[in-house]
Amino acid sequence: MGLFKSLRCPKCGHEEVSRTVFQCAECRSILEIQIKIDHLIRSDYETMRRSRDRSIWRWFDFFPVEERSSIVSLGEGDTPLIHARRLGEKIGVAKLYLKNDTVLPTGSLKDRSNSVGMSVAREWGVKTAAVMSTGNAAASVAAYAAAAGIESIVMVPKGTAPSKIVQARAYGATVIVVDGDFDNEVAKLYKVALNEFGWYDCLSSNPYRDEGKKSYAYEMADQFDGRVPDWVIHPTAGGTGIYAMWKGYKELLSLGWIERVPKLVAAQSEAAAPIVAAFQKGLVDIEPVIARETVAESIKVGNPVSLGWRALAALRESKGTAVAVTDSEILEAQFLIGRLAGVFAEPAAATSVAATKKLRGRGTIGTDDTVVCNLTGHGLKQPEAIRFSEKEFTPIAPTLEALRSRIS
Ligand SMILES: Cc1ncc(COP(=O)(O)O)c(C=O)c1O
Ligand SMILES: [Zn+2]
């Protein structure tokens, strides 16, 4: 069983006795889960690697869930790590790998978080789970709640891609579309509603759920057979991925299961890049920005209030960096990932490849470096991002002649 030690404040060191409190009583920071792993030995690693269960739950001992019987799993994890040779050749990085999270159960990386978060909810006997979301978290929370037998309520800002709302609805969630902006009106209403109704919070303000993305580190260590990539590039919104991957990598290092850690890179859309801005200014805390419209709608977050500062610290400790990319760079990357690697990623996910291209252009990433780009969401989440010409949809006469003229 996962040996839970305590909940501790990463800012002021306050130790929380209750297990169900998420925020520091002294300074309001999000508490951090401390798990006891120092008893694990090399043979445990080999057992985990060989497990027939290919989900993130192979790494059970690293997660804050008491009993295996509480696990809520849809088979998330062990996503392909693809050596994308043609794409790598195009952008000048021969050892380019794509961590294909588009194949996760609900089509995005959120399943890593929600499998852990919802398992804890089941352990605690939660009745209703809630989340506010730009779309992907809504679908994921809804699916895991359905599997757990827990009610779900999801709040999304107006303008969220209909396909994402439909997905959450299909899993039985109550979907509330709020007339307002994610960082402002939706965030305010969500916070008030959590207090008012006592719902279980599935946002990054829930430290249990934040542990799920540590699984990236465990899976990559396994897939690279103990070697560690030079760079891991993550499309970044709230900062959970960067924060959790770093925690996971440090755990493996402390156990001696890997010999070094990768440099982590946060990739953001230029229209919503508070982490990039704070990184470049050398700040310790994030200064919220007003997010503008961007094709990378899933990572359109201007105020990563819970974990933004933790992600910043992880970028620095890992000697990584933060990069903003434009919508046209994102769409170009999405196109290339599809055409040269055979993966259909949503625009937000393609920021990792766009950022890699930029860093290669600047000489930050070398031609011989090993780079992993996390592809965090499926292209079908936002099909309207793909442009077609009218002609492509105009039917042809059912004749060879017409066919010949169309493909010529
Ligand atoms: C497709 C996609 N990529 C990446 C992220 C990044 O989230 P985080 O920075 O919290 O790991 C999100 C969620 O907001 C997302 O939906
Ligand atoms: Zn504190």
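No experiment lies behind these values; they were computed from the predicted model shown.

Colleague: How would you summarise the nonpolar core if you had to cite specific residues and measurements?
Modeller: One finds Phe-62, Leu-87, Leu-98, Met-118, Ile-233 and Val-353 to be the most contacted residues of the largest nonpolar core, which totals 127 residues. For this core, the element with the highest residue contribution is helix H4 (residues 136-148), accounting for eight residues. With sequence-adjacent residues up to four places away left out, Leu-98 is seen in contact with Pro-80, Leu-81, Ile-82, Ala-84, Leu-87, Ile-337, Ala-341, Val-343, Val-353, Cys-373 and Leu-375.

Colleague: Got a sec to walk through the coordination of the zinc ion (ligand 2)? Specific residues and values, please.
Modeller: Donor atoms from the polypeptide that bind the zinc ion (ligand 2) are Cys-9 (SG), Cys-12 (SG), Cys-24 (SG) and Cys-27 (SG), placed at 2.3 Å. Around the zinc ion (ligand 2), the four donor atoms are arranged such that angles at the metal cover 100 to 123°; this shape is classified as tetrahedral. Classification of Cys-12 by relative accessible area gives partly exposed; the value is 43%.

Colleague: So what's going on with the site of ligand 1? Residues and values would help.
Modeller: The local shell around ligand 1 holds 17 residues, among which Lys-110, Asn-136, Ala-237, Gly-241 and Thr-376 are the closest. Lys-213 places a polar side-chain atom, nitrogen or oxygen, 2.8 Å from an oxygen atom of ligand 1. Protein chains shield 96% of the accessible area of ligand 1, which is 400 Å² for the free molecule. For the shell around ligand 1, the secondary-structure elements that each account for two or more residues are strand E10 (231-235) and helix H8 (240-254).

Colleague: Can you break down the packing of H4 against helix H5 (residues 162-170) residue by residue, with the values?
Modeller: Direction vectors running N to C along H4 and H5 enclose 10°, while the axes themselves pass 8 Å from each other. With respect to their mutual orientation, H4 and H5 come out roughly parallel. Contact residues: Asn-136, Ala-138, Ala-139 and Ala-142 in H4; Lys-164, Gln-167 and Ala-168 in H5. Here the residues of the contact of H4 with H5 sort into four nonpolar, two polar and one charged.

Colleague: Tell me about unusual backbone geometry, and name the residues and values.
Modeller: Non-glycine residue Asp-78 carries a positive phi angle of around 50°. Note on placement: Asp-78 falls in the loop between helix H1 (42-50) and strand E4 (81-83). Here Asp-225, not a glycine, exhibits a phi torsion of approximately 55°, which is positive.

Colleague: Tell me what's going on with the pairing of strand E7 (residues 151-157), and back it up with residues and numbers.
Modeller: Burial runs high along E7: six of the seven residues are buried. Pairing analysis gives five bridges linking strand E6 (residues 128-132) to E7, with the strands arranged parallel. Looking across to E7, one finds that Ala-129 is bridged to Ser-152. Handedness of the crossover is the feature at issue here: the chain leaves E6, passes through H4, returns alongside E7, and the resulting connection is right-handed. In this sheet, strand E8 (residues 174-178) lies alongside E7 in parallel orientation, the contact comprising five bridges. Bridging from a neighbouring strand, Val-156 pairs with Val-177 of E8. Between E7 and its parallel partner E8, the chain crosses via H5, and the hand of that crossover is right-handed.

Each value, and the rule that gives it
Residues numbered from 1 in each chain as written. Chains lettered and ligands numbered in written order. Predicted model: local features only at pLDDT ≥ 70, side-chain atom pairs only at ≥ 80, totals over all residues. Heavy atoms only, no water. Core = buried A, V, L, I, M, F, W, Y, C linked by side-chain atoms within 4.5 Å. Buried < 20%, exposed > 50% of the residue type's maximum accessible area, 1.4 Å probe, protein only. Helix = DSSP H or I, 4+ residues; strand = E, 2+ residues; numbered from the N terminus. Contact = heavy atoms within 4.5 Å. Donors = N, O, S within 2.8 Å, 3.2 Å for Na, K, Ca; no water. Tetrahedral: all angles 85-135°; square planar, octahedral: opposite > 155°, others 65-115°. Near = heavy atom within 4 Å. Polar contact = N/O pair within 3.5 Å; in protein donor to acceptor, adjacent residues only side chain to side chain. Areas by Shrake-Rupley, 256 points an atom, 1.4 Å probe, with all protein chains shown as cover. Axes fitted to C-alpha atoms, helices over the stretch in contact; angles between N-to-C directions. Parallel < 35°, antiparallel > 145°, perpendicular 65-115°, else oblique. Nonpolar A, V, L, I, M, F, W, Y, C, P; charged D, E, K, R; others polar. Pairing = 2+ DSSP bridges. Right-handed = clockwise from strand over helix to strand, strands pointing away.

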